[in-house]
Amino acid sequence: MAAQSGAPAPLQPATASPGLAKLLVVPSLIGGLVALTLGLYGRLHHATGIALNIAGFSSPGSVKSWLATGAVVFAIIQVGSALVMYGKVPRVAAPSWIGGLHQWSGRIAFLLSVPVAVHCLYALGFQNYSTRVLIHSILGCLFFGAFTVKMLVLPKRGLSGWVLPVLGAIVFAALVLIWFTSAYWFFSTFGIKR
Amino acid sequence: MKRSPLITLLTGAALGLGLWIASMVAASPAPAGYGTPAAAAAATAPASSAPSSPAVAVAGTSLPATPSPSPSATGGFVIPPHANYVGPVMAGGGAIAIVVHDTAAIAYYCDNGAIEAWLSGVPHHGHLSMTGKNGASSQVNYALGHARGWVAVDGHRYTFSVTAVHAPSGLYRSIAVVRGATVKAGWIVLADGTQVGSLEANPDAAAPTARKAPQLNLTTRTADDGGVTITAKPIDAETGSGF
């Protein structure tokens, strides 16, 4: 991959496209495979109804809702720190620690989302019995695929400037919609409770 | 630095894999007395996976004293051949009862009033796909001590997560001819003794109307509906009554 990061790509937009496509194809395929695997597992594996629970919460639903809410909070920090890094916030110069904040908030958000996804896929599966549930199921699988793409693309050199912001936006939008179709629904249906 | 995104991914994957395996391990032995709050709390720790044979687990929940088919295991869960599950649905004020007996299952949803449905289906490895009149349907996953899923009645979908119960809690049904008209009633007796019941005075009509059922006397299994005594029969997985 380092060989492809030759000088022409950033200079010539016309020649950047094929190079960019090459850079993105393998991560995209792997990400697609991740999303597809999760979806197929969720659909084909027999939903068990129960799974490992976390102590201190009234139900798996509330555990998941709080974890997902935590993930969204860190994801908002992601967007904020990215805006600062890209100099999109007027009169705010990027401090030296902004990169670390961006990386760690992302890591924490991702790691918070993993137990939720495991419970979803193991105990509930990919379901389509209502629009909310269908959207949630599709986006849940897409989120991990998109996140995989983002992580695999991240270290590559010679990317067009829009690639990381677009991937980040997809991941963020998916997470927020997932939260709206689950945790927001849970809290508004059953009340905000532990 | 360049590898850190990959490490993030692999850490997440490892965490997911670990939790997935822990879920299977924690769930598989179906802790004795599963369904009681204490046991449910114990199930939160992977350490609670001390292997207990399915037979022991069944004895622990005092399922039938009479010889019965041994429970099967599906996806790490012990699937009881006979089980009664009742409990309230999550929203809407109604209750659900699901009775699984070998190769048949009966479910009843009612809300103490006009909304009610009888459903039936065939158990399949801990899963029930049930249907009833007027488009009523339900999907249920059940295992030792616990059942969850949804039931759709009159275009509304109610989700539930309910536990196993033993008589006198459970499901009761009455089909009687009163003054030449058939009266069909159902009662769900929850674990705390609360009754949720509906009564249809015209079950054979195109659009039967239901109302709150009179209180069922669980000792005599009779109810007094405006001076008429109606007799109910339990639908019980453990005795096979009602199947």
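Residues numbered from 1 in each chain as written. Chains lettered and ligands numbered in written order. Predicted model: local features only at pLDDT ≥ 70, side-chain atom pairs only at ≥ 80, totals over all residues. Heavy atoms only, no water.

(A) Structural detail: the sheet that holds strand β11 (residues 170-178) of chain B. All names here are of chain B. Reading across the sheet, the five strands line up as β14-β13-β12-β11-β18 and stay open at both edges, with antiparallel pairing between neighbours. Only two strands of the sheet have a single partner each, and these edge strands are β14 (210-212) and β18 (233-235). Each strand axis lies, on average, 25 degrees off the axis of its neighbour in the sheet, ignoring direction. With three bridges connecting them, β11 and β18 associate as antiparallel partners. Looking at the pairing, Leu-171 lines up with Ile-235 of β18. (Pairing = 2+ DSSP bridges. Helix = DSSP H or I, 4+ residues; strand = E, 2+ residues; numbered from the N terminus. Axes fitted to C-alpha atoms, helices over the stretch in contact; angles between N-to-C directions.)

(B) The side chain of Ser105(A), seen in detail. Residue and element names in this part refer to chain A. Here Ser-105 lies in helix α4 (residues 98-124). Overall, Ser-105 belongs to the buried group, its relative accessible area being 3%. Separated by 2.8 Å, the side chain of Ser-105 and the backbone oxygen of Leu-101 make a polar contact. In this view, Ser-105 contacts Phe-74, Ile-77 and Gln-78; residues no more than four positions away in its chain are not counted. (Buried < 20%, exposed > 50% of the residue type's maximum accessible area, 1.4 Å probe, protein only. Polar contact = N/O pair within 3.5 Å; in protein donor to acceptor, adjacent residues only side chain to side chain. Contact = heavy atoms within 4.5 Å.)

(C) Local environment of the sheet that holds strand β16 (residues 222-225) of chain B. All names here are of chain B. Here three strands make up an open sheet; going across it, the order is β15-β16-β17 and the pairing antiparallel. Where the open sheet ends on each side, the last strands, each with one partner, are β15 (216-217) and β17 (228-231). Examined bridge by bridge, β15 and β16 share two bridges and lie antiparallel to one another. Pairing of Leu-216 across the sheet is with Ala-223, part of β16.

(D) Region of interest: unusual backbone geometry. Residue and element names in this part refer to chain B. A cis amide bond links Ala-167 with the next residue in sequence, Pro-168, at an omega value of 10 degrees. Following the sequence through the fold, Pro-168 ends up in the loop between β10 (156-164) and β11. Backbone geometry at Asp-102 places phi at a positive 55 degrees, although glycine is not the residue there. Topologically, Asp-102 is positioned in the loop between β4 (95-101) and β5 (104-110). On the basis of relative accessible area, Asp-102 is assigned to the partly exposed category, the value being 35%. One non-glycine residue with positive phi stands out, namely His-125, at about 50 degrees. If you trace the backbone, His-125 turns up in the loop between β6 (116-121) and β7 (127-132).

(E) Layout of the packing of α4(A) against helix α5 (residues 131-153) of chain A. Residue and element names in this part refer to chain A. At a minimum axis distance of 12 Å, the contact between α4 and α5 shows a crossing angle of 140 degrees. Classified by the angle between their axes, α4 and α5 sit oblique to one another. Handedness of the α4/α5 crossing: left-handed. In this structure, α4 contributes His-102, Phe-110, Ser-113, Val-114, Ala-117 and Cys-120 to the contact, and α5 contributes His-136, Phe-143, Phe-144, Phe-147 and Lys-150. Taken together, the residues of the contact of α4 with α5 break down into seven nonpolar, three polar and one charged. (Parallel < 35°, antiparallel > 145°, perpendicular 65-115°, else oblique. Left-handed = near helix turned anticlockwise from the far one by under 90°. Nonpolar A, V, L, I, M, F, W, Y, C, P; charged D, E, K, R; others polar.)

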